[in-house]
Structure formats: structure tokens, C-alpha cells
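Remarks on the overall topology
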There are 2 protein chains.
Amino acid sequence: MMRALVAADGRLQLCERPKPAPAGECVIRVRRAGICGTDLEILAGYAGFRGVPGHEFVGIVESAPEGAEAWIGCRVVGEINVGCGTCGFCREGVREHCERRQVVGIRGRDGAFAEYLSLPAANLHAVPDDLPDERAVFVEPVAAACRVIAQVDFSKTAEAAVVGDGRLGLLVAQVIAQAGVRVTVVGRHTEKLAIARNAGMETMAAEAVRVARARFEIVVDASGRPEGLASALALVRPRGTIVLKSTFHGATPLATSPVVVDEVTIVGSRCGPFPKAIELLSSRAVDVRPLLSGTYPLSEWQAAFAAARTALKVCLEMTT
Amino acid sequence: MMRALVAADGRLQLCERPKPAPAGECVIRVRRAGICGTDLEILAGYAGFRGVPGHEFVGIVESAPEGAEAWIGCRVVGEINVGCGTCGFCREGVREHCERRQVVGIRGRDGAFAEYLSLPAANLHAVPDDLPDERAVFVEPVAAACRVIAQVDFSKTAEAAVVGDGRLGLLVAQVIAQAGVRVTVVGRHTEKLAIARNAGMETMAAEAVRVARARFEIVVDASGRPEGLASALALVRPRGTIVLKSTFHGATPLATSPVVVDEVTIVGSRCGPFPKAIELLSSRAVDVRPLLSGTYPLSEWQAAFAAARTALKVCLEMTT
């Protein structure tokens with residue numbers, strides 16, 4: 001048996017559950033797991049998920065199927081999409097768009113807020129020794145941030161804006177900045193904007209957006225809030241690009257005519273490349289230390305989730 | 001003096017107005033003008049416009065400023081954006097995104113529902129003799145349809161969908177079809193979908209969208225309706241592209257998470273190339289005859305606008 005947080009009907013509970021033992025997958029002893037905005041949205045009803053949430057983790061492979069024994073004992077992080085293996089997307093290696101996919105802790109598959117989880121070996125990436133657990137747990141969200149620079153060409157852009165000064169916004173801002181672009185972070189929190197300023201970025205208070213004269217070629221909405229897209233539309237220049245990273249439960253009223261009149265391009269952006277994220281975290285090109293707000297033992301999950309509503313990255317430690 | 005339809009506070013009135021005589025512009029005697037969905041939206045409050053609406057027209061140049069006298073007597077159509085001439089966009093020849101632009105019959109400049117309008121010579125295009133007035137009046141909306149194939153690469157796409165079986169939807173569908181793509185038109189009107197079927201296209205009833213299994217690489221929303229974007233999202237495949245052409249007054253509730261999760265790209269699309277539109281109409285590669293629902297003298301404008309709410313393209317004739 002193992003301890004696990006289980007989500008059902010918008011509530012979390014710490015339960016005893018059987019340890020996972022699926023055929024053909026690796027079993028990973030979770031050492032640390034990060035709480036993401038999506039986890040909070042799941043509790044609000046997003047994706048209708050029931051089961052163990054949690055999709056940002058680092059752990060040790062405890063068992064592996066035949067042919068994958070080399071993983072046993074390895075410290076790993078894991079990609080969160082598990083595809084059917086046979087559809088067009090899977091055959092192209094794009095598991096994240098398989099129609100029948102499972103997504104760790106989000107869709108049809110238990111996640112990392114537990115002492116153990118299981119994953120196919122194909123989803124695993126070894127963590128280099130110079131990347132300790134407290135930074136390795138950021139690989140998944142940094143990969144999601146890296147997806148932005150994989151989708152949109154920043155090479156001709158001197159300046160970009162990121163709407164959202166939360167955990168994802170500050171990661172996206174750093175990833176864009178290390179690509180050589182001057183970044184303005186737009187947010188609501190003085191202390192979070194200060195982190196951006198300390199990293200050499202420009203900042204703008206969210207309430208200044210409506211009167212801002214600045215217009216950016218590329219704006220990323222990583223606010224996680226329904227109003228983030230409207231802010232991005234106010235900041236983007238005609239024929240510019242908005243990268244949309246916010247997922248939240250429900251619909252938001254949007255005046256779409258400005259998208260048409262200004263011929264704006266909106267690009268949805270989700271999961272990204274783990275190798276690039278591991279590289280940026282190992283080299284400290286992306287510095288996550290100012291983002292780490294606290295680490296709680298699994299038994300103190302209620303305090304951890306309460307903190308995650310306002311803090312930056314809150315983690316759960318499974319070892320105690 | 002001249003007769004003109006004047007919009008103010010959501011009402012139209014036929015008025016006597018001074019004939020336009022601006023310095024440095026050509027004065028055009030309007031022969032025929034088309035009623036567009038945007039004109040109906042203007043009466044619902046879109047763009048807050050007051051003045052003479054109408055931006056689809058064909059006419060004869062009656063007077064021209066020094067240096068442009070060669071235009072006098074020419075039958076012309078006109079691009080609708082008049083830029084400041086000095087900003088970055090204007091210097092690149094992209095008048096449609098000049099921040100201080102006027103737009104014929106939509107923003108700060110009187111339009112074509114009048115016996116005369118004025119435009120800079122730079123906005124004019126001569127109409128070839130083989131393109132009679134009743135088809136030439138379609139140049140502006142066909143150009144807007146052509147903008148779609150200028151923005152999005154259809155060369156790798158076998159099938160695309162167009163949401164909207166109205167005047168713009170049927171034009172966009174034809175422009176995409178003549179580019180060699182198999183088109184499915186999605187709409188609510190049996191008789192309008194029949195026009196698409198007669199042109200060799202597939203059709204889908206709007207109420208079938210939610211249960212449709214079809215997924216398209218490219219979907220154009222030309223519905224002019226708030227719910228068009230949601231229909232397009234239901235029809236597009238992951239990593240596909242939605243081209244958004246609908247402008248309407250107000251905001252619409254939109255669940256944006258599917259845009260993120262499916263990594264959909266949404267491209268706003270507005271005005272397009274007049275030369276390409278003239279070519280497609282001259283060669284009859286785009287056949288507008290089934291779209292022409294009726295032509296009314298200016299004095300019967302009330303009947304014309306009433307018809308335009310449900311019919312395809314309704315035109316006003318200024319000669320009587």
C-alpha cells in the first residue's frame with residue numbers, strides 16, 4: 001500500500017491506495033512533486049479529473065519491465081502524455097495530441113501526489129547529478145515554457161511581454177529572456193514582479209495595461225486567468241502573436257473582433273521538450289530558486305495547497 | 001448636393017448631403033454598392049460609426065487631383081483603408097494597420113451608400129471591361145476572402161472547412177476551392193448550402209458540428225456569429241489552424257482551454273489583395289452569380305436592408 005492524495009468532486013483526501021504495478025511500465029518512487037496552477041484548476045472542476053493529481057515530479061525508478069531494467073535506480077523526471085501508440089499523432093511521436101491519450105494526474109492516469117506512480121520507460125528522462133531534486137521538479141513546467149520558443153520565432157523580436165507573474169509566467173519570461181529577447185512581465189503582485197526585476201526584466205502593473213502605449217510583437221499569456229487573453233490583446237501590436245498558455249475551468253467573455261481587425265495570431269501552447277528544460281536548469285540559464293516558496297511533507301498537504309493559492313512554487317516531499 | 005444614407009445611433013436615414021470635394025482625392029460617382037454583414041453590425045453598434053456606411057462599391061471617377069487626372073472617366077473599385085502615410089505600417093504599404101487610419105464607411109470616413117464618395121487615387125483599381133458592375137461590386141469581399149489564402153499555407157492541406165454559409169462564407173469557400181482544396185461548408189440554411197453543393201463542395205448542417213467526427217487541418221470562421229469560433233474549435237484538429245473572419249459587436253463567452261490543450265492556432269484575417277480578387281472574378285474562377293440576391297434603387301434602401309438580413313448579397317444602385 002501507499003499514501004496518495006485523491007481528487008474527487010473538487011475535494012482532495014489523503015488515502016491509502018495499492019501501490020501501482022502495471023504490466024510494461026516502470027514504477028517510480030516519488031521524491032518530490034510540484035503543485036501547478038492546473039492542479040488547483042482540477043479542484044475547481046477543470047478536465048473533470050478523478051484520481052491522484054500531480055504531474056511535476058522527480059523520483060527514483062524502483063522497478064522496470066523487461067528490456068528497460070537499466071532504468072532501475074535512476075533518478076528521473078517524466079513526460080506526462082501516454083499515447084495509444086498506434087494513431088497518426090503517436091506514430092509521429094506527438095503523444096501529447098493522441099486522442100486516446102492519458103495525461104499524468106490530469107486525464108485517466110494517476111499522478112505524482114503519491115508515494116509511487118508508474119510510467120512507460122519512453123516517458124522518462126534521467127536527471128543529471130548537478131540538478132538536485134528541488135530544481136529537477138521544475139523540469140516539466142520549464143519544458144512547457146520552452147514550448148513557446150519552439151512554436152514562435154523570437155529571432156526577429158527585440159521585445160516581448162509575458163502576462164502573468166505567477167510560477168509559469170516567471171518561467172516563460174526567463175526562457176524567452178535567455179533566448180536574447182527583452183521581456184516585460186505584466187502582473188498583479190509587487191513581490192512577484194520584484195523577482196522579474198531582479199532578473200533584469202521590465203515590469204508592468206496589470207492595471208496599467210489598459211492605458212499602456214507599449215505594443216509588443218509577441219505577448220505570452222501565462223496568467224492562468226480568464227482575463228489574461230484580453231490583457232494580451234491590449235498589449236499586442238497589429239499582426240503580432242499571442243501565445244496562450246492559460247488553462248482554466250469554464251468560459252470567458254471575449255471580444256474577438258480586435259483579433260480580426262488587427263489580424264492577430266493566437267497560438268495555443270502546451271507541453272514542451274524535456275531535454276531543453278533539463279539543459280536550461282542544469283546550466284542555471286533558468287534560475288528557479290526565487291520561485292521555490294516552500295516544501296511540505298505529504299502529511300501536510302492541506303497547508304501546501306493553501307500556500308499554493310498565493311505563493312509561487314510549492315512542493316510536496318514524499319519521504320516523510 | 002447628393003443623396004446619402006447616414007447612420008447615427010443605430011439608425012439609417014436617407015439624407016441630402018453636400019457632394020464630397022476633398023483636396024487631393026478623387027471623387028467617384030457610385031454606380032452600385034453591396035451591403036455587407038459589417039454594415040448590419042454597424043447598425044447594431046459595431047465600431048461606433050456615424051456617417052455614410054458602405055465599403056463595397058463600383059463607380060466612375062468624376063474628378064481627380066493634379067497628377068491623377070488619368071483616372072477621370074475610369075470605372076473603379078477602391079481599397080477601403082486610408083492611412084496617415086507616415087507611420088511604420090504606412091511606410092511598409094500596410095495601410096490597413098495604420099493606427100490613425102480611416103476606413104471607408106466604417107471608421108472616420110464616409111462610404112459608398114451615397115451618390116458620390118471620395119478616395120485617394122492610391123486606393124483605386126481599374127475594373128476590366130469583362131467584369132460588369134454586378135460582379136465588380138464583389139471585388140472587396142472577394143479580396144477579403146483571398147486574404148485567407150495569403151495568410152495560411154493551404155498547399156499541404158487536402159481538406160478544409162468553412163463555418164458560415166452566408167455571403168462571406170460562400171466566397172471564402174470558393175477562393176479556397178479554386179486553390180485546389182476540398183471544402184466543407186458548415187451552415188444553417190438549406191438553400192445557401194445548396195449553392196455550395198452545386199459548386200461541388202461538401203456541406204454540413206451547423207447542428208451536426210457537435211457530433212461530427214471530421215477534423216480539419218484548417219477551418220475558416222466566416223459565420224459573422226459569436227458562436228462561429230466555438231464551432232470552428234469543434235471542427236479543427238490538434239495543431240490545426242482557425243482563420244477568424246467574423247467581426248461583430250460585443251463579446252462572446254469562449255472556453256479557451258481547448259485552444260491551449262490542442263495547440264490550435266487562430267489567425268485574425270481582414271482585408272485582402274484587390275488584384276487577385278479582380279483576376280478571380282474576371283476569369284470566373286469565383287462565380288458570384290448565385291450569391292446576388294437582389295438589387296434595389298437607393299430610394300428603396302429600407303427594403304434592401306430588410307432583405308440583407310436573410311439574403312445573400314443585396315446591392316444598392318445609385319443611378320435611379
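Residues numbered from 1 in each chain as written. Chains lettered and ligands numbered in written order. Predicted model: local features only at pLDDT ≥ 70, side-chain atom pairs only at ≥ 80, totals over all residues. Heavy atoms only, no water.

1. Observations concerning the pairing of strand β13 (residues 202-205) of chain B
Residues and elements named next belong to chain B. Note the cut-off: Strands are labelled as partners when DSSP assigns at least two bridges between them. Elements are defined by DSSP. Helices are runs of H or I of four residues or more, strands are runs of E of two residues or more, and each kind is numbered from the N terminus. When the strands point away from the viewer, a crossover counts as right-handed if the route from the first strand across the helix to the second turns clockwise.
Of the strand pairs in this sheet, strand β12 (residues 182-187) and β13 are connected by four bridges, and their pairing is parallel. Among the inter-strand pairings, valine 186 is bridged to a residue of β13, identified as methionine 204. One crossover worth recording links β12 to the parallel β13 by way of helix α6 (residues 190-198), and it is right-handed.

2. Side note on the relation of the copies chain B and chain A
As a reminder, the rule being used: We place the copies in one frame by least squares, fitting the C-alpha atoms of every residue whose pLDDT is at least 70 in both. By definition in these notes, contact holds between two residues if any of their heavy atoms fall within 4.5 Å.
Screw-axis analysis of chain B against chain A gives a translation of 0.0 Å along the axis, an RMSD of 0.0 Å, and a rotation angle of 180°. In symmetry terms, the pair is related by a two-fold rotation axis. Nearest to the rotation axis, the C-alpha of proline 253 of chain B is located 1.9 Å from it, this being the minimum over chain B. Most of the interface of chain B is mirrored in chain A: 100% of its interface residues are interface residues there too.

3. A look at the confidence of the model for chain A
What counts is decided by this rule: One number per residue, pLDDT, summarises how confident the predictor is, and it ranges from 0 to 100.
Per-residue pLDDT for chain A has a mean of 94; in total, 100% of the residues score no lower than 70. In the predicted assembly, ipTM is 0.93 and pTM is 0.94.

4. Points about the environment of alanine 114 of chain B
Relative to the helices and strands, alanine 114 of chain B is located in the loop between β8 (108-109) and β9 (116-119). Among all residues touching alanine 114 of chain B, those that are not within four sequence positions of it are Met2, Arg3, Ala4, Val30, Val52 and Met318 of chain B.

5. Some details on the environment of leucine 233 of chain B
Residues and elements named next belong to chain B. Among the secondary structure elements, leucine 233 is positioned in helix α7 (residues 228-235). Along the backbone, leucine 233 and glutamate 62 are 171 residues apart, and their C-alpha atoms lie at a distance of 48 Å. Sequence-distant contacts of leucine 233, that is, excluding residues within four places in its chain, are made with Ile242, Leu254, Ala255, Val259 and Val264.

6. Description of the pairing of strand β17 (residues 265-268) of chain B
Keep this limit in mind: Here's how the labels work: a residue is buried when its accessible area is under 20% of the maximum for its type, exposed when over 50%, partly exposed in between, all with a 1.4 Å probe on protein chains only.
What you see with β17 of chain B is no split at all: Thr265 and Val267 of chain B on one side and Ile266 and Gly268 of chain B on the other are buried throughout. Sheet analysis places strand β17 (residues 265-268) of chain A next to β17 of chain B, joined by three bridges and oriented antiparallel. Looking at β17 of chain B, one finds that valine 267 of chain A is bridged to threonine 265 of chain B. Relative to β17 of chain B, strand β15 (residues 236-244) of chain B is paired through four bridges, and the arrangement is parallel.

7. Things to note about the interface of chain B and chain A
Threshold: A 1.4 Å probe defines the accessible area here, and the buried area is the portion of it lost by two parts on being joined, summed over both. Salt bridge, as used here, is a side-chain nitrogen of Lys or Arg placed within 4 Å of a carboxyl oxygen of Asp or Glu. For this analysis, a polar contact is any N or O atom pair within 3.5 Å, provided that within protein one partner can donate a hydrogen and the other can accept it, and provided that sequence-adjacent residues contribute only side-chain to side-chain pairs. For this classification, the nonpolar set comprises Ala, Val, Leu, Ile, Met, Phe, Trp, Tyr, Cys and Pro, the charged set comprises Asp, Glu, Lys and Arg, and every other residue, Gly included, is treated as polar.
The interface is formed by 39 residues belonging to chain B together with 39 residues belonging to chain A. Roughly 3100 Å² is buried in total at the junction of chain B and chain A, and carbon and sulfur atoms are behind 55% of that figure. A salt bridge links arginine 147 of chain A to glutamate 263 of chain B; the nearest nitrogen and oxygen atoms lie 2.7 Å apart. Taken together, chain B and chain A are joined by 17 residue pairs in polar contact (both at pLDDT 80 or more). The residue inventory of the side of chain B that touches chain A, partitioned by class, reads 18 nonpolar, 11 polar and 10 charged.

8. Digging into the packing of helix α4 (residues 139-151) of chain A against helix α9 (residues 274-282) of chain A
All names here are of chain A. Formally: Fitted lines through C-alpha atoms give the axes, limited to the stretch in contact for helices. The angle between two N-to-C directions lies from 0 to 180 degrees. Any angle from 65 to 115 degrees is called roughly perpendicular, while one under 35 is roughly parallel, one over 145 is roughly antiparallel, and all others are oblique.
Look at α4 against α9: their axes get within 8 Å of each other, and the N-to-C directions meet at 110°. Comparing the axis directions of α4 and α9 gives the class roughly perpendicular. The segment α4 lies against α9, with Val139, Glu140, Val142, Ala143, Cys146 and Ile149 engaging Phe274, Lys276, Ala277, Ile278, Leu280 and Leu281. Each residue belonging to the contact of α4 with α9 can be placed in one class, and the counts come to 10 nonpolar, no polar and two charged.

9. Observations concerning the packing of α4 of chain A against helix α5 (residues 167-178) of chain A
Residue and element names in this part refer to chain A. Keep this limit in mind: Crossings are assigned a handedness: left-handed for a near helix turned anticlockwise from the far helix by less than a right angle, right-handed for a clockwise turn.
At their nearest, the axes of α4 and α5 sit 9 Å apart, and the two run at 50° to each other. By the angle class used here, α4 and α5 are oblique. The handedness of the crossing between α4 and α5 comes out as right-handed. The segment α4 lies against α5, with Pro141, Val142, Ala145, Cys146, Val148 and Ile149 engaging Leu168, Leu171, Val172, Val175, Ile176 and Gln178.

10. Considering α9 of chain A
Residues and elements named next belong to chain A. Rule in force here: It is the directions from the helix axis to the C-beta atoms that the arc portrays.
When we look at burial in α9, the residues that qualify are Phe274, Ala277, Ile278, Leu280 and Leu281. On an axial view of α9, the arc spanned by its buried residues comes to 165°, and they lie on one face. On its buried side, α9 packs onto β5 (75-78), β10 (124-126), α3 (133-136), α4 and α5. Looking at the residues trailing α9, positive phi occurs at arginine 284, about 60°.

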